[in-house]
Amino acid sequence: MATLGEAMLRLSSPPGELLRDSAQFRVHVAGAEANLAVALASVGVPTRWTSALPDTVLGRRVADSLSSAGVLIDAVRWAPDGRLGLYFAEIGSPPRPTRVVYDRAGTAFCSLSADDLDWPVVCDARVMHLTGITAAVAPGSDALVMRAAREARERGALVVYDVNYRAALTSTTAAARFATDLAADVDLLVCRAEDARDLFGLAGDPLAVAKDLARTLSIERVVVTSGADGAVAWWQDETFGAPALPTVAVDRIGAGDAFAAGLLWGLLDGSPQDALTRATAMASLAMSVHGDQCRFSADEVLDIAHGLGREVRR
Ligand code: KDG
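Residues numbered from 1 in each chain as written. Predicted model: local features only at pLDDT ≥ 70, side-chain atom pairs only at ≥ 80, totals over all residues. Heavy atoms only, no water.

Colleague: Explain helix H2 (residues 57-68) to me, and be specific about the residues and the numbers.
Modeller: Compared with an ideal rise of 1.5 Å per residue, which puts 12 residues at 16 Å, H2 spans 16 Å between its outermost C-alpha atoms and is within 8% of the ideal. Within H2, burial applies to Gly59, Val62, Ala63, Ser65 and Leu66. An end-on view of H2 places all buried positions within 160° of arc, on one side of the element. For H2, exposure combined with an orientation more than 90 degrees from the buried face picks out Val57, Asp64 and Ser68. Check the buried side of H2 and you find it contacts strand S2 (8-12), strand S3 (26-30), helix H1 (32-42), strand S4 (48-50), strand S5 (52-54) and strand S6 (77-79). Taken from the residues just after H2, Gly70 is the one with a positive phi, measuring 100°. (Helix = DSSP H or I, 4+ residues; strand = E, 2+ residues; numbered from the N terminus. Expected span 1.5 Å × (residues − 1). Buried < 20%, exposed > 50% of the residue type's maximum accessible area, 1.4 Å probe, protein only. Arc of directions from axis to C-beta. Contact = heavy atoms within 4.5 Å.)

Colleague: So what about the site of the ligand? Which residues, and what values?
Modeller: As a structural note, the neighbourhood of the ligand is formed by 14 residues, with Tyr102, Arg104, Arg166, Asp257 and Asp292 the closest of them. Between an oxygen atom of the ligand and a side-chain N or O atom of Arg104, the distance comes to 2.7 Å. In the complex, 94% of the free accessible area of the ligand, which totals 320 Å², lies under the protein chains. Here the shell around the ligand is built from residues that sort into 7 nonpolar, 3 polar and 4 charged. (Near = heavy atom within 4 Å. Polar contact = N/O pair within 3.5 Å; in protein donor to acceptor, adjacent residues only side chain to side chain. Areas by Shrake-Rupley, 256 points an atom, 1.4 Å probe, with all protein chains shown as cover. Nonpolar A, V, L, I, M, F, W, Y, C, P; charged D, E, K, R; others polar.)

Colleague: Give me the pairing of strand S12 (residues 221-225): which residues, what numbers.
Modeller: Successive side chains on a regular strand alternate, one facing one side of the sheet and the next facing the other. In terms of burial, S12 is a largely internal element, 5 of the 5 residues being buried. A two-sided burial pattern is seen for S12, the buried positions comprising Arg221, Val223 and Thr225 on one face and Val222 and Val224 on the other. For strand S11 (residues 188-192) and S12, the ladder comprises 5 bridges, and the chain directions are parallel. Counterpart to Leu189 in the pairing with S12 is Val222. (Pairing = 2+ DSSP bridges.)

Colleague: So what's going on with the environment of Asp124? Which residues, and what values?
Modeller: By the element assignment, Asp124 lies in the loop between helix H3 (119-122) and strand S9 (127-131). Looking at Asp124, the relative accessible area reads 56%, which means it is exposed. Separated by 122 residues in sequence, Asp124 and Ala2 place their C-alpha atoms 7.2 Å apart.

Colleague: Help me get a handle on the nonpolar core, residues and values and all.
Modeller: In terms of nonpolar packing, the biggest core is built from 54 residues, with Leu130, Tyr161, Leu189 and Leu213 touching the most fellow members. Non-local contacts of Leu130, meaning those with residues more than four positions away in its chain, are made with Leu4, Val145, Ala148, Ala149, Val159, Val160, Tyr161 and Asp162. Core analysis: the second largest hydrophobic core is formed by 36 residues, Met1, Val160, Leu264 and Ala275 among them. (Core = buried A, V, L, I, M, F, W, Y, C linked by side-chain atoms within 4.5 Å.)

Colleague: Pulling in residues and values, what's your account of unusual backbone geometry?
Modeller: A cis amide bond links Pro94 to the next residue, Pro95, at an omega of 5°. Within the element layout of this structure, Pro95 appears in the loop between strand S7 (85-90) and strand S8 (99-103). Phi angles above zero are rare outside glycine, and Asn164 is one such case at about 40°. Counting through the fold element by element, Asn164 comes out in the loop between strand S10 (158-162) and helix H6 (172-182).

Distances and angles like these do not, on their own, reveal function.
Structure follows, in structure tokens:
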């Protein structure tokens, strides 16, 4: 598995405290693609994460965290200039929504150009995972994602694009245009139902939305996620679905990345139905722990996927 994107540190106020009041922050490593890489490595899928990190103690903290999870970081570019991005999070609790504030201008990743990367190493995988976040990080990041998709495709990898729209980084119009431009090099699209509505004006029954996305973008496989209503797939004219699993969500940030990790893991050795089932299990587990990343073993995820969640005594 291969992925490409920016990592950040997340500084979050403790549960039940507001960013404007809190005297202390909890620190977590974050970044959608890094989150996916950690989740995949934890279930035993060899995964390379490509990025740029500043050659500082904070950059090394991120690298150490990912490599301790088993993620391959040999394609990371160590940048002499630039900084590590931060973001501040206040975890919501009904009726209070989650709040995120980015501080990610001028990061080492913003200056990463396609010519900096060793593409045969970056793309040495059966699947290349890319997201709309990476494409929107800085002017020029869109070209990086385009190149990654093309390089991966030329080497025979399956290219997966997770729309992952972030309003703080780009407009819906620009995100829709980018997805449309990239589509010719995408084998599987993952899209939240709300992104399908906001970017492409497609709403209603999730399966109909998935089918319409497949037709509109000419992509053969489309997965649409609907949070607590589960996920569906339009898969080369076949359809699949999986309900969301019950969870007590302490932190929803990163659940979509865990979903994508479960999906891609399932696709490597199972059917689209297996993949959706692992995806919803992984997402529900991710929401049960604090932080953007989760490190569950394959057995832990499969137990939840098969409804075997039980007390563990060893
Ligand atoms: O999906 C979770 C990510 O949003 C989080 O880890 C931070 O990558 C991030 C972003 O750009 O929002």
